[in-house]
Each structure stands twice: as structure tokens, then as C-alpha cells.
Amino acid sequence: MATLDRAECERRDRNDPLRELRHEFLLPDGVIYLDGNSLGARPRGAAERAREVIEDEWGTGLIRSWNTAGWFELPVRLGEKISGLIGGGAGTTVVTDSTSINLFKAASAALRIQAVDAPDRRVILTQRENFPSDIYMLQGLAEQLGAGYEVRLVDDAEVTAGYPNTRIDDVALVVLTHVNYRTGRLFDLESTTAAVHAAGARVIWDLCHSAGALEIDLAGAGADMAVGCTYKFLNGGPGSPAFIWVAEALQDRFTQPLSGWWSHENPFEMSPEYTPAAGSRRYLTGTQGIVSMSVAEVGLDIFGRVDMAAVRAKSLQLSDAFIELVEARLSDHPIEIVTPREHEHRGSQVSIAHPEGFAVMSALIERGIIGDYREPSVLRFGLTPLYLGFAEVWDTVEALRDILDNHLWDAPQHKVRGAVT
Ligand SMILES: *Cc1c(COP(=O)(O)O)cnc(C)c1O
């Protein structure tokens, strides 16, 4: 393997089959953006699409646009596009609400199914290291349900090893995030799903940190349900709506806990009786933010032209380069690479721990190198193959080296925390 230096990184950029996609995104000059796993970059067409929706569809079309501009169909139309990225199959996915809310709906529906299939099981099992909102939503649901429902937390290692030290025979539902938001660890979708099923439980996957980052085949893995957001790797814009997927075989058994009119078979019948829609509209609740949803489609349409195998290949090359450079060039510093080295266990980010992680990230951001920080002491670098290059990885590690060698993080302005980290 060629020694990795800046010239080699530039050579890789020139030979990168995805390099043209960089022009689909607008980033400020001088910024290296390593936080696309938290908020994706702005697609070039997003502002024009927002203008069109606000001025033409809303301004001129007014209420007619529910029909004439296809607003009513947006959740399903976008859902179909996401389905292609997650191996969902036709008619199984909608874009709506937030990930937290969709998880509540999915978990509630899955427990209703299990109340029939495995009535003695009342435990929801999830990762202690899961994104906290997922844990909170499940705890809230268990509390609402009462009747012995409870949440059990386990370490990621327990999941990978097939629950050797965890009681599993009372578990109804397992909720797992495909890529751990902090460590970047990736679970194998197929074998992990199979292990949950073998234990007699159902599984909901949270794809927030994997949708748009790697190839996913939910139906092929035999998964039950899934949720995820569109504002991270899918570049949908801040707060853009999330998605929910339900396996075809469970679609008719999905009962809505939030049975708003958008999930009705015929919302404009205005009937006082609730009849759930037959297809994926059943997972909706109420009226959606049409501007945000329309802008999210611009991000999704970029993926329509992208080969996910090439995205995954480049993502791994970028993270390999990042890890190699951190090890070679920062070895004098107390740094620990938290993200697994094995490709099959790695998502699309590299997390490194440093005792002064927060201040170090603050010093990087001051230079326009934008990653983020997660407790405790983890610097997160999201590697987004659509708009990041190898030379930028080199420059990031060199900036880190300068900041660490010269203690540049040790300044008062790098100790101040904002409301969002
Ligand atoms: C980002 C993320 C969320 C965010 O949920 P919201 O409802 O959009 O705030 C939830 N779960 C995981 C695993 C995430 O990574």
C-alpha cells in the first residue's frame, strides 16, 4: 500500500468515482464538514425547491396544491424513495413525523402483535448505549402501557454475543440502532435479526446512522420494523421528517397508537368511525410540514443517482485513511480510537477519545473543521462519501496534530459549551 501523504490523498480524490457528487452540495468556502452524520450538508437544489413550494405551490396554488402539487402524496412518494435505499420493498415505507414519534408508533404496534403471538412476554430490550431518545420513548411507552411492561438495557457486546448474560425468554421486542451514534459500531442486520427471532422476540431497527451511509436490506434480513431520520446522511435539512418501515407480512397487523386522520382509509370521508388505511398510509398520523418534506426530497433524489455499494466502499476507504493517519501522526497523544477496526463492524464515522475532547473539537471548529463532541470525551468525525475527499481527511488530521502538539485547545474560549454540542 502506498504511504499515505497529502499527494497520495489528492491522487485518491482524482480517481474517486463519486467525486462529481461534491458539486451537488453547497458548503461554505474553507469548511471541512465532518458532521454529515448529525446534520447533512445542503443540497444545491434545496433553496430553489423551497422557493418553488413557498411562492408557487403555496403562494399561487394555495389549497389546490394538496392535489395539484401532490402534497397529499408526499409521505408515500418519499417513502418509496427511501424504501429503495433500505431494501424495504414497494408500499412499505412512509416519510412522516420524527424518529422518536415513529419509534413510539412502531414499538406500540409491535407489542400489540406480540400480545397475541407471545402474550407472556412484556419486556422491551434495548441498548444501554442507544441514542437516549430511543430509550426514553420506550420507557414512556412501557409506563403508558403499565401491566408489567418494562424496558431492559443491555450492552452492545451482549447483543453481538447473542445475549449470553441477559434474560431473554420474557422479551417481546428488541429495539436496536444499526450504527451506534457515539462509537460508530455497526451491527450485522441479518444475523442480529435472526438471533432476536430465534429468541422469540421481534426487532425494530433504528437506521438513523446507517440510512444513506451503507447498503441495507431490511426485507432480506427478515426484519420486522424500522425507523430512521432523513436529516443525517440523507441530507434532508434541519428537522426534516423521519421514516417508518413495516415488513409486508406485518402491515395488516399494525395498529396505530396515534390514529390520526392521515392514517384513515378515507380521511375526507370525515367519518366519526376510524378505519385504518390498508397500505403504508396506515403509519401516518396528521398533517405534515410540506415545505420541509419537499426540501427533503431534493436530498433523496441525489441518492436516486448513486450506487450505494460505491458509497459504502468510499466510506470505508475514508475511515481507513482517517484511522491510519491518526495512528501514524498522533501517536504521541493520549488518543483512543473508539470505532471498530473491522469493516463489518464499522459505520460511516470515526470516533476518537481524548481526555480534553470537548476543547479539542472546539479548537478544530474554530478553524472551520466541523465535527462534534459526545460525552464522555468522544470526538466524532462523520465521513460522508458524497461530499468529503481524502485530502480533507489529511488536512483534518494535520490540524488535530497542530492543536494537540501545541496545546491550542487549552484556551478559555474552548471550555465554553453551547446548548447544543
Ligand atoms: C438522530 C437520532 C434520533 C433523533 O430523533 P428525533 O426524533 O429526530 O429527534 C433518534 N434516534 C437515533 C438513534 C438517532 O441517531
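1. Examining the layout of surface pockets
Here is step 1 of the chain: Roughly 320 Å³ of internal volume is contained in the largest pocket.
Here is step 2 of the chain: For the largest pocket, the lining is made up of 15 residues, of which Ile-365, Gly-371, Asp-372, Val-420 and Thr-421 are closest to its centre.
Here is step 3 of the chain: Broken down by secondary-structure element, the contributors of at least two residues to the lining of the largest pocket are helix H12 (357-366) and strand E14 (372-374).
Here is step 4 of the chain: Looking at the lining of the largest pocket, the element that brings in the most residues is H12, giving 4 residues.
Here is step 5 of the chain: Here the lining of the largest pocket is composed, by residue class, of 7 nonpolar, 5 polar and 3 charged.

2. Overview of the sheet that holds strand E5 (residues 123-127)
Here is step 1 of the chain: The strand order across the open sheet built from 7 strands is E4-E10-E9-E8-E7-E5-E6, with neighbouring strands paired in mixed fashion. Edge positions in the sheet fall to strand E4 (93-96) and strand E6 (150-154), since each has one partner strand and no second. Between one strand axis and the next, the sheet turns by 20° as a mean value, whatever way the strands run.
Here is step 2 of the chain: Bridging between strand E7 (residues 171-177) and strand E8 (residues 202-206) involves 5 bridges; their strand directions are parallel.

3. Re empty space enclosed by the protein
Here is step 1 of the chain: Throughout the structure, instances matching the rule amount to 1 cavity of 30 Å³ or more.
Here is step 2 of the chain: The calculated volume of the largest cavity comes to roughly 50 Å³.
Here is step 3 of the chain: Around the largest cavity, the lining residues are Gly-212, Phe-233, Asn-235, Phe-303, Val-311, Thr-384, Pro-385, Leu-386 and Tyr-387.
Here is step 4 of the chain: Taken together, the residues of the lining of the largest cavity break down into 6 nonpolar, 3 polar and no charged.
Here is step 5 of the chain: There are two domains that each give the lining of the largest cavity at least three residues, and those are domain 1 (6-30 + 307-415) and domain 2 (51-303).

4. Topic: the packing of aromatic side chains
Here is step 1 of the chain: By the definition in use, this model includes 12 aromatic pairs.
Here is step 2 of the chain: Ring geometry for Phe-72 and Phe-268: centres 6.1 Å apart, planes at 65°, overall edge-to-face. Placement of Phe-72 in the loop between helix H3 (65-68) and helix H4 (74-86) and of Phe-268 in the loop between strand E10 (242-246) and helix H10 (290-303) is noted, with a sequence separation of 196 residues between them.
Here is step 3 of the chain: Geometrically, the ring pair formed by Phe-254 and Tyr-283 is edge-to-face, given 4.6 Å between the ring centres and 65° between the ring planes. Highlighted residues: Phe-254 in the loop between E10 and H10 and Tyr-283 in the loop between E10 and H10, separated in sequence by 29 residues.
Here is step 4 of the chain: Overall, Phe-254 belongs to the buried group, its relative accessible area being 1%.
Here is step 5 of the chain: We note Arg-417 situated over the ring of Phe-358; from NZ or CZ to the ring centre the distance is 4.1 Å.

5. Re a negative patch on the surface
Here is step 1 of the chain: Side chains of Asp-188, Glu-190, Asp-217, Glu-342 and Glu-344 sit close together on the surface and give a patch of like negative charge.
Here is step 2 of the chain: Counting through the fold element by element, Glu-342 comes out in the loop between strand E11 (336-337) and strand E12 (349-353).

6. Here we look at the environment of Leu-26
Here is step 1 of the chain: In this fold, Leu-26 is placed in strand E1 (residues 25-26).
Here is step 2 of the chain: Between the C-alpha atoms of Leu-26 and Pro-43, which are 17 residues apart in sequence, the distance is 6.2 Å.
Here is step 3 of the chain: Apart from the residues lying within four places of it in its own chain, the contact partners of Leu-26 are Arg-42 and Arg-44.

7. Some words on the sheet that holds E12
Here is step 1 of the chain: Strand order in the open sheet formed by 4 strands is E11-E12-E15-E14, with antiparallel pairing between adjacent strands. For this open sheet the edge positions go to E11 and E14, each flanked by a neighbour on one side alone.
Here is step 2 of the chain: Here E11 runs beside E12; their pairing, made up of 2 bridges, is antiparallel. Each bridged residue has a counterpart across the sheet, and for Glu-336 the counterpart in E12 is Ala-353.
Here is step 3 of the chain: In this fold H12 packs onto E14 and strand E15 (378-382), with an angle of close to 40° to the strand it touches most, E15.

8. Observations regarding the site of the ligand
Here is step 1 of the chain: With respect to spatial proximity, the complete set of residues near the ligand consists of Ser-98, Thr-99, Ser-100, Phe-131, Asp-134, Thr-177, Asp-206, Cys-208, His-209, Tyr-231 and Lys-232.
Here is step 2 of the chain: Within the side chain of Lys-232, one N or O atom sits 2.5 Å away from an oxygen atom of the ligand.
Here is step 3 of the chain: The class makeup of the residues in the shell around the ligand is 3 nonpolar, 5 polar and 3 charged.

The rules behind the values
Residues numbered from 1 in each chain as written. Predicted model: local features only at pLDDT ≥ 70, side-chain atom pairs only at ≥ 80, totals over all residues. Heavy atoms only, no water. 1 Å grid on protein atoms, 1.4 Å probe; cavity = no way out; pocket = protein on both sides within 12 Å on 5 of 7 lines; lining within 4 Å. Points joined across faces, edges and corners; volume = space filled by probe spheres on them. Helix = DSSP H or I, 4+ residues; strand = E, 2+ residues; numbered from the N terminus. Nonpolar A, V, L, I, M, F, W, Y, C, P; charged D, E, K, R; others polar. Pairing = 2+ DSSP bridges. Axes fitted to C-alpha atoms, helices over the stretch in contact; angles between N-to-C directions. Domains from an automatic or database assignment. Phe/Tyr/Trp six-rings, centres within 6.5 Å; stacked < 30°, edge-to-face > 60°. Buried < 20%, exposed > 50% of the residue type's maximum accessible area, 1.4 Å probe, protein only. Lys NZ or Arg CZ within 6 Å of the ring centre and 35° of its normal. Patch = residues over 30% accessible without salt bridge, like charges linked within 9 Å, V, L, I, M, F, W, Y side chains within 5 Å. Areas by Shrake-Rupley, 256 points an atom, 1.4 Å probe, with all protein chains shown as cover. Salt bridge = Lys/Arg side-chain N within 4 Å of Asp/Glu carboxyl O. Lys, Arg positive; Asp, Glu negative; His and termini not counted. Charge placed at Lys NZ, Arg CZ, Asp CG, Glu CD. Contact = heavy atoms within 4.5 Å. Near = heavy atom within 4 Å. Polar contact = N/O pair within 3.5 Å; in protein donor to acceptor, adjacent residues only side chain to side chain.

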